[in-house]
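Architecture and fold: a report
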Amino acid sequence: MLSEKILVAAFTRAVKRGTLKMTTAKGQEFTFGDGGLPDVAIRFTDNAAQTALCLHPELKLGELYTDGRLVIEKGDILSLLQLLLQDTHGAFDELPLHRLRKIRHWLTLRGENDAHRSKRNVAHHYDLDGRLYSLFLDSDKQYSCAYFDRPDASLEEAQGAKKRHIAAKLLVEPGHSVLDIGSGWGGMGLYLARAAGAGSVKGVTLSEEQLEVSRKRASAAGLGERVRFELEDYRATAGSFDRIVSVGMFEHVGLASYDEYFRTCRKLLRDDGVMLLHTIGRTGAPYPTNPWITRYIFPGGHLPTLSEMMPAIERAGLMVTDIEILRLHYAYTLQAWRERFRAHREEVLKLYDERFCRMWECYLAMSESAFRWQDAVVFQVQLAKRNDVVPMTRDYIAEREAALREAESRSKPVELKRSA
């Protein structure tokens, strides 16, 4: 069959280290690699599955695994991705990826995430049963890249370091007003009030489930007067703020809406204000996000390159005062999430079903592999309107982190209980 020939050619070129055994739908067996680890065996259940993978591998790999038509008989989905990506970094010349990516990139340029579509996209992922996230996130429900400031840090410690690192770059002073765009379950906003001393924090989210949890947390912490959360699109937010923070939300804005996003941030930021944008991005050439991820996990999402972000920032009249690129931090974060998800798999099955478990195992593994073997990174971009509102050297970051660490020891965070 033609599909077998194409897959044999692709796997022969891709798998140089490790071992991949492929069994076709007709029972033919092929082995690729040098015989080392990882050692993975896969089997196709039908001929159509093989053809589908050849025609659209970026979409169909996840679909076939989720549907049980691509069966991993030895190893796991992350090991398979390692074999396919560790040397190719996702470039399969034998398959029509480049043509498909060009078409999808053109569609990305045209697809604008208006307020209605944005809320629908957020609900697809973030309004799932809240117990699901409690099974694999840290106790503060930080659903974004942690900051491993030391190799042996636990997930909880690394997520705490992330909040501290961001707060230090924000240069929050007592009494400052802060806007948190995409406030999640409220952890960042509560931290900025409790440890950094912000006078008021407004968090905006489009997730009704996250909004309810955030408000309960603020009330339980006795911060209800200083920290408030609203179900609100950032484009509808009014007022002006000393500081703006946005963590893990920009990925959902969509390329066609970048100008509107940064213009809105400039309008909301005071003249002497500082903004910190924390977003997943890419270091290579611009191209669309994995289509399986955008169809099943994060509809409407796009991972930007700096070359896509910077023109919109400049057109909005903002200036970049600092950029930090976190490389393997998210790979370690996702590894921790994936291991926790696997450890609680039986509890996830009680909430959903086997297909959902395979879909989320695939999502976590694909995401981790993108940071380990492809070009995914995290950008922390500091923005301002003036060039004199941020210190001239970066020494202040470590100094403020030390002060925040001391402040943390004097304040008791409100943790979310792990439940099933």
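None of these values were measured; they are calculated from a predicted model.

Moving on, we get to helix 8 (residues 155–170). With 16 residues, helix 8 extends 23 Å from end C-alpha to end C-alpha; this agrees with the ideal 22 Å at 1.5 Å per step. Taken across its 16 residues, helix 8 has 14 buried, putting it largely inside the fold. Within two residues after helix 8, L171 carries a phi angle of roughly 55°, on the positive side.

Moving on, we get to the packing of helix 11 (residues 258–268) against helix 13 (residues 306–316). Between helix 11 and helix 13, whose axes approach to 8 Å, the crossing angle comes to 45°. Our classification of the angle between helix 11 and helix 13 gives oblique. Seen along the crossing, helix 11 lies across helix 13 with a hand that is right-handed. Packed against helix 11, whose contacting residues are Y258, D259, F262, R263 and R266, the element helix 13 presents E308, M309, A312, I313, R315 and A316 at the interface. Here the contact of helix 11 with helix 13 is built from residues that sort into six nonpolar, no polar and five charged.

To continue, consider the pattern of salt bridges. Taken as a whole, this structure holds 36 salt bridges when the rule is applied. Between D259 and R315 there is a salt bridge, with the nearest N and O atoms lying 2.8 Å from each other. In this pair, D259 sits in helix 11 while R315 sits in helix 13, placing the two residues 56 residues apart along the sequence. Residue R394 pairs with E324 through a salt bridge whose shortest N-O separation is 3.8 Å. Remark: E324 occurs in strand 10 (residues 319–326) and R394 occurs in the loop between strand 11 (376–384) and helix 17 (395–410); sequence separation between them is 70 residues. Since its relative accessible area comes to 42%, R394 is described here as partly exposed. Shared partners join several salt bridges into a network, and the residues in it are K169, D322, E324 and R394.

To continue, consider the environment of T45. Residue position: T45 is located in the loop between strand 3 (39–44) and helix 2 (47–55). As a C-alpha pair, T45 and A25 span 20 residues in sequence and 5.2 Å in three-dimensional space. Ignoring anything within four residues of it in the chain, the contact list for T45 reads A25, G68, R69 and V71. A polar contact of 2.9 Å, which involves the side chain of T45, links it to the side chain of D46.

This brings us to the sheet that holds strand 8 (residues 241–247). Hydrogen bonds along the backbone pair up the strands of a sheet, which may run parallel or antiparallel. Strand order in the open sheet formed by seven strands is 7-6-5-8-9-11-10, and the pairing between neighbours is mixed. Since the sheet does not close on itself, it has two edges, and those belong to strand 7 (227–231) and strand 10, each with one partner. On average, each strand axis in the sheet is tilted by 15° relative to the strand beside it, whichever way the strands run. In this structure, strand 9 (residues 269–282) lies alongside strand 11, joined through nine bridges in antiparallel fashion. What sits directly across from T279, in strand 11, is F379.

With that settled, the discussion passes to the nonpolar core. Ranked by size, the top nonpolar core spans 72 residues in total, and within it I42, L80, Y143 and W360 carry the most contacts. In terms of residue count, the dominant contributor to this core is helix 16 (residues 354–373) (12 residues). In terms of nonpolar packing, the next biggest core, distinct from the first, is built from 31 residues, L170, V247, V274 and L276 among them.

Checked against the element boundaries, V253 lands in the loop between strand 8 and helix 11. Through-space distance from the C-alpha of V253 to that of L303 is 9.6 Å; in sequence the pair is 50 residues apart.

Looking now at the sheet that holds strand 3. On the basis of which strands lie adjacent, the open sheet formed by four strands has the order 2-1-3-4 and mixed pairing. Taken across any chain shown, the strands that pair with only one partner, and hence form the sheet edges, are strand 2 (29–33) and strand 4 (70–74). Pairwise comparison of adjacent strand axes, ignoring direction, gives a mean angle of 25° for this sheet. As paired elements, strand 3 and strand 4 share four bridges and run antiparallel to each other. Of the residues in strand 4, the one forming a bridge with I42 is I72.

The rules we used
Residues numbered from 1 in each chain as written. Predicted model: local features only at pLDDT ≥ 70, side-chain atom pairs only at ≥ 80, totals over all residues. Heavy atoms only, no water. Helix = DSSP H or I, 4+ residues; strand = E, 2+ residues; numbered from the N terminus. Expected span 1.5 Å × (residues − 1). Buried < 20%, exposed > 50% of the residue type's maximum accessible area, 1.4 Å probe, protein only. Axes fitted to C-alpha atoms, helices over the stretch in contact; angles between N-to-C directions. Parallel < 35°, antiparallel > 145°, perpendicular 65-115°, else oblique. Left-handed = near helix turned anticlockwise from the far one by under 90°. Contact = heavy atoms within 4.5 Å. Nonpolar A, V, L, I, M, F, W, Y, C, P; charged D, E, K, R; others polar. Salt bridge = Lys/Arg side-chain N within 4 Å of Asp/Glu carboxyl O. Polar contact = N/O pair within 3.5 Å; in protein donor to acceptor, adjacent residues only side chain to side chain. Pairing = 2+ DSSP bridges. Core = buried A, V, L, I, M, F, W, Y, C linked by side-chain atoms within 4.5 Å.

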